[in-house]
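Reading the structure
The chain contents come next:
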Amino acid sequence: MTVQSQQEKSSQEKWEPKIIAFLCNWCSYAGADLAGVSRIQYPPNIRIVRVPCSGRVNPYFIIKSLTDGWDGVVVSGCHPGDCHYLTGNLVARRRFAILKELLEFFGIEPGRVNFMWASAAEGERFAMLIRKATKIVKALGPNKKFDKNW
Amino acid sequence: MDQKILMKNEIGKFYIELAEDYNFYAPVNEKGIITFKKVLNSGGIVLDYLNSKVPPKEILFPKMEVLFEYKLDGKEVEIEDRKDLNEKNIIFGIRPCDAHSFILLENFFGLGDTPDEIFLKKRQNTTLIGIGCNTPRTTCFCTSIEGHPFNKVDFDIFLVDLGEKYLLEAVSDKGRELVKKFSWLKDAKKDDLKQAERLSKEAEEAIVTKLDLSHIDKVLDPNFDHPIWKEISEICVGCGTCSFLCPTCTCFDVIDETNQYNNKGRRVRIWDTCQFCLYTLHTSGHNPRDSCIERCRNRIMHKFSYYPENYNVLGCVGCGRCVQLCPVNNDLRSIIQKINQIENKKKEAEKISA
Amino acid sequence: MGIETENQIIEKDMRDLALKLLTNHEVDVIIGYTKGTIPLSSSPIMITKPEEVDKLVWNNLCYVNLAKYLVPRIPQLVDPEKGNLKIGIIAKGCVGRALIHLAVENQIDLENIKIIGIPCNGIINRKKIEKEVGEKEILEVYASGDNIIVKGKNFEQKYAFDQYINELCKVCKVKTPPSIPDLMNSCMGECQEISSVEDSFSDLDEFEAKSSKEKWDYIKTTLETCTRCYACREACPMCYCNLCFVDQNKPVWFSKTTDLPDIIVFHLIRAMHLAGRCVACGACSSVCPMGIDLNLITRKLEKIVKERYNFTSGLNKEKLPPMMSFSMKDTEDFMLEED
């Protein structure tokens, strides 16, 4: 093994994905807060952006995150039927379904963008799903598809 | 003597000697479409083509061009200018209409107190080697704008396809300097010159589209508000294909791209077109060219009235790309005929009312 | 019956109907197609007088979606004295679908529009034929029997009609415009009652079986020649936004350059905006100056909304498109779940 590939291998093992997480204020953000207060450990790879509702998440946010170089995106909201604004997450669910199918069709690995529901009382569930998402994104490697090389 | 013979199987040799010092751009067949690309070997060069879709203006005025890059270091900004402008280029195998377009592009980019240094520098370092059109298309009309399918005046070196060989002629001083390097080129014989003459005459006769552009600007100027513009622009959808693929259209937009995570950015210019509704949208919300009528009119007037006013030459080269590629077949030739008819129809109307 | 005989019948019926409508002043203007000035093309035309009906043609080169001329962004059809004109529009199946969908989105009022339905028999794939002929000028194109004949100065070639029509036309299920139950006077000529289509989308199976990397490479090769001219957007009747997302600058979402990531993002988001709205007319691919074939993406859009929400755009004036509605019962198979 040459020095360069040795360095590459160890930097690959050391590489940690950067994942951006859009959490709805009323359920998922509170759920993440509960996980923190309860000292439930989950990977520190996510950077949280608080939005009022998962329905606020414009697909542009998700695609811009990918083009800016984020390795993964997580969007989390209230369970259907429990939305603070009554139907925001139902609108979001349709959007995400279509977006996910189109992203996969264009050849963007399906594991990079993940959607989930987590309520304010589900700290353990939130942590478990973030652990799962991080594992999936880490296995996919860095997001180099949208690099513009300048 | 200035006229030499280049055998078709000597193109490879010609290329290898030039590629050492020059970026060599030539027509290649990419996925069934002829485009001008920088070639890395002579195998892909196609000289037996009608014309490309994207005109060779793309080589010196690309679809997207970095103007400069910058780095941020706290509050300090460091600007990096382009470093590749001194590279020498050869554009090989373009048609006389496209070569004429380079003259018009130079006029535009060189106008006034703020000439475009990036384009002009690249143009200075570029040598144009062209080829005559043995088989012009039915949509070509270079003879209507005082051009000719074998017009060599805008080239540095000019080729004529004689079948198994090319007649190679150095036209400008730059061309003569270059041809001197190729001492292995044989001199052309009288028969070769006669054949080239014959091909030139045949090509001229093959041009069937003849438009009367002798006083088009005089007809256009007083008829800015004529109702014919509504008829001309009726089916236009404002897609911009005509301007993107026109060898003389030069409008561009300037955008800034930032890579905020790495504290750097760059300023880029990209092709733009007056056919988009945002083109003349003011920040107040007012748009002087609110509909297809004004935008279509603007394009025609720009080519055939404003350009001659500024530069004393028509702003069209007669390549026929807009005719071939307009998605709704809004044929420029029919438009010119309708415009020329304005004066005739006025006179007829006067006769009837008299 | 050969293609040219079919076309002659369609053309005659269409002209007769147009003549009747104009003579009786049931419409002020008819939007249709006329013969192009170069082979392999046709031109939209707007006629206002009964004498002009002979300019209307139907050949297999009528690829522009005429519904585009009715969207509010293009104000050509408002007469300053009369107000909105009464419009007749020559509609093949996809044009009819576009009209109905625009009515669902409240962009046009179908009461003022007469849909002159014609049974479309497929649109010739111009780019495919141009690529096959190569660098020789085409001087004449016409249908004969089951073939397309292409003639030039020194050549004549024959192409099987069924194989050289647009990919979308090969799998088209809505060849005549859908009729509108509560506006029966709007639909004239050939219209069909259709409330849903059956489609196995088997033409997408091969692509869907590829790996992510293979898909990305295929999309990359297809889209890399894009010049960002937006002809596809301008030809699409559904792209009628006053400010397209690419032109937004508060904030600038996506860059307008011709770098590959930017090109792919443009087409990805445009596709997303067309989910449940695209009527599969193929105008985007036909007008692309670089010959990019967007039919694969169009088919996928139809597949997504059909399989998830049992919806096909432009068939029913009452049914709301999937992106304008939602339900508690929507499928969640794509969500991340606990193990």
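Residues numbered from 1 in each chain as written. Chains lettered and ligands numbered in written order. Predicted model: local features only at pLDDT ≥ 70, side-chain atom pairs only at ≥ 80, totals over all residues. Heavy atoms only, no water.

Let us look at the sheet that holds strand E5 (residues 87-91) of chain C. Residue and element names in this part refer to chain C. As summarised here, the arrangement of the five strands in space is E2-E1-E5-E6-E10, forming an open sheet in which the pairing is mixed. At either margin of the open sheet sits one strand with a lone partner, and together these are strand E2 (42-47) and strand E10 (187-189). Put simply, the sheet's adjacent strands are angled 30 degrees from each other on average, direction ignored. Note: strand E1 (residues 29-35) against E5, three bridges, orientation parallel. Within E5, the residue paired with isoleucine 31 across the bridge is isoleucine 89. (Pairing = 2+ DSSP bridges. Helix = DSSP H or I, 4+ residues; strand = E, 2+ residues; numbered from the N terminus. Axes fitted to C-alpha atoms, helices over the stretch in contact; angles between N-to-C directions.)

All right, on to the domain arrangement of chain B then. Residues and elements named next belong to chain B. With domains assigned, chain B is organised as domain 1 (3-59 + 81-206) and domain 2 (216-250 + 272-347). At the interface, 24 residues of domain 1 touch 24 residues of domain 2. Both faces considered, domain 1 and domain 2 share a buried interface measuring about 2,100 Å² in area, 62% of it formed by carbon and sulfur atoms. By the criterion of area lost to domain 2, the three top residues of domain 1 are Leu104, Thr139 and Phe141, representing 28% of everything that side buries. Our count for the contact surface shared by domain 1 and domain 2 stands at one salt bridge. Ionic pairing is found between aspartate 98 and arginine 321, a salt bridge with its closest N-O pair at 2.9 Å. (Domains from an automatic or database assignment. Contact = heavy atoms within 4.5 Å. Buried area = accessible area lost by both parts, 1.4 Å probe. Salt bridge = Lys/Arg side-chain N within 4 Å of Asp/Glu carboxyl O.)

Residue and element names in this part refer to chain B. An ideal rise of 1.5 Å per residue puts 24 Å on 17 residues; helix H6 (residues 190-206) measures up with 24 Å between its terminal C-alpha atoms. Taken residue by residue, H6 has Asp192, Ala196, Leu199, Ser200 and Ala203 as its buried positions. Seen along its axis, H6 keeps its buried residues to an arc of 105 degrees; they face one direction. Within H6, the exposed residues directed more than 90 degrees away from the buried face are Lys190, Asp191, Lys194, Glu197, Lys201 and Glu205. (Expected span 1.5 Å × (residues − 1). Buried < 20%, exposed > 50% of the residue type's maximum accessible area, 1.4 Å probe, protein only. Arc of directions from axis to C-beta.)

Time to look at the interface of chain B and chain A. Contacts between the two partners involve eight residues from chain B and, on the opposite side, four residues from chain A. Ranking the residues of chain B by area buried against chain A places Tyr261, Lys264 and Arg266 of chain B at the top, with a combined share of 62%. Run the count over chain B and chain A and you get one salt bridge. For glutamate 257 of chain B, the salt bridge goes to lysine 148 of chain A, with nearest N and O atoms at 2.7 Å. For the interface between chain B and chain A, the tally reads two residue pairs in polar contact (both at pLDDT 80 or more). When contributions to the side of chain B that touches chain A are tallied by element, the ones reaching two or more residues are strand E11 (252-259) and strand E12 (264-271) of chain B. In terms of residue class, the side of chain B that touches chain A is built from one nonpolar, three polar and four charged. (Polar contact = N/O pair within 3.5 Å; in protein donor to acceptor, adjacent residues only side chain to side chain. Nonpolar A, V, L, I, M, F, W, Y, C, P; charged D, E, K, R; others polar.)

A word on the environment of aspartate 290 of chain B. Residues and elements named next belong to chain B. Position of aspartate 290 among the secondary structure elements: in the loop between E12 and helix H10 (292-311). Judged by relative accessible area, which is 54%, aspartate 290 ranks as exposed. Through-space distance from the C-alpha of aspartate 290 to that of tyrosine 279 is 9.8 Å; in sequence the pair is 11 residues apart.

With that settled, the discussion passes to the packing of helix H3 (residues 59-68) of chain A against helix H4 (residues 88-105) of chain A. For any two helices packed against each other, the geometry comes down to the angle between their axes and how far apart the axes lie. All names here are of chain A. Between H3 and H4, whose axes approach to 11 Å, the crossing angle comes to 30 degrees. With respect to H4, the element H3 is oriented roughly parallel. Between H3 and H4 the crossing geometry is right-handed. Between H3, through Pro59, Ile62, Ile63 and Leu66, and H4, the contact on the second element is made entirely by Arg95, Phe96, Leu99 and Leu103. (Parallel < 35°, antiparallel > 145°, perpendicular 65-115°, else oblique. Left-handed = near helix turned anticlockwise from the far one by under 90°.)

Moving on, we get to the interface of chain A and chain C. Tallying the contact residues gives 43 residues for chain A and 49 residues for chain C. Summing the contributions of chain A and of chain C, the shared interface buries around 4,400 Å²; its carbon and sulfur component is 72%. For the chain A face of the interface with chain C, the top three residues by lost area are Arg94, Phe105 and Phe106 of chain A, together amounting to 22%. Between chain A and chain C we count nine salt bridges in total. Of all the elements in the fold, those that place two or more residues in the side of chain A that touches chain C are H3, H4, strand E4 (113-117) and helix H5 (123-140) of chain A. If you tally residues by element for the side of chain A that touches chain C, the top one is H4 of chain A, at 15 residues. Of the residues assigned to the side of chain A that touches chain C, the class counts are 25 nonpolar, five polar and 13 charged.

To continue, consider helix H5 (residues 173-181) of chain B. Residue and element names in this part refer to chain B. Every buried residue of H5 is listed here: Gly175, Leu178 and Val179. Along H5, the residues classed as buried sweep out an arc of 100 degrees about the axis, all on the same side. In H5, the exposed residues that point more than 90 degrees away from the buried face are Asp173 and Lys180.

Turning our eyes to something else, we now look at the environment of isoleucine 48 of chain A. Residue and element names in this part refer to chain A. With respect to the helices and strands, isoleucine 48 occurs in strand E2 (residues 46-51). Relative accessible area serves as the criterion here: at 35%, isoleucine 48 is assigned to the partly exposed category. Once the C-alpha coordinates of isoleucine 48 and glutamate 122 are considered, the two residues, 74 residues apart in sequence, prove to be 17 Å apart.

The next thing to look at is the packing of aromatic side chains. A full pass over the atoms with the stated rule returns 36 aromatic pairs over all chains. With a centroid separation of 5.0 Å and 80 degrees between ring planes, the pair formed by phenylalanine 108 of chain B and phenylalanine 109 of chain B is classed as edge-to-face. Residue classification places phenylalanine 108 of chain B among the partly exposed residues on the basis of a relative accessible area of 31%. Ring geometry for phenylalanine 155 of chain B versus phenylalanine 158 of chain B: centroids 5.4 Å apart, planes at 35 degrees, classification tilted. On the basis of relative accessible area, phenylalanine 155 of chain B is assigned to the buried category, the value being 2%. Judged by its relative accessible area of 3%, phenylalanine 158 of chain B is buried. Above the plane of the ring of tyrosine 29 of chain A lies arginine 50 of chain A, whose end atom (NZ or CZ) is 5.7 Å from the centre. (Phe/Tyr/Trp six-rings, centres within 6.5 Å; stacked < 30°, edge-to-face > 60°. Lys NZ or Arg CZ within 6 Å of the ring centre and 35° of its normal.)

This brings us to the pairing of strand E1 (residues 19-24) of chain A. Residue and element names in this part refer to chain A. In terms of residue burial, E1 counts as a mostly covered element, since six of its six residues are buried. Here E1 shows no split at all, with Ile19, Ala21 and Leu23 on one side and Ile20, Phe22 and Cys24 on the other all buried. Looking at chain direction, E1 and strand E3 (residues 72-77) are connected through five bridges and run parallel. Counterpart to isoleucine 19 in the pairing with E3 is glycine 72. Where E1 meets E2, six bridges bridge the pair, whose relative direction is parallel. What sits directly across from leucine 23, in E2, is arginine 50. In the classification by handedness, the crossover that spans E1, the intervening helix H2 (residues 28-37) and the parallel E2 is right-handed. (Right-handed = clockwise from strand over helix to strand, strands pointing away.)

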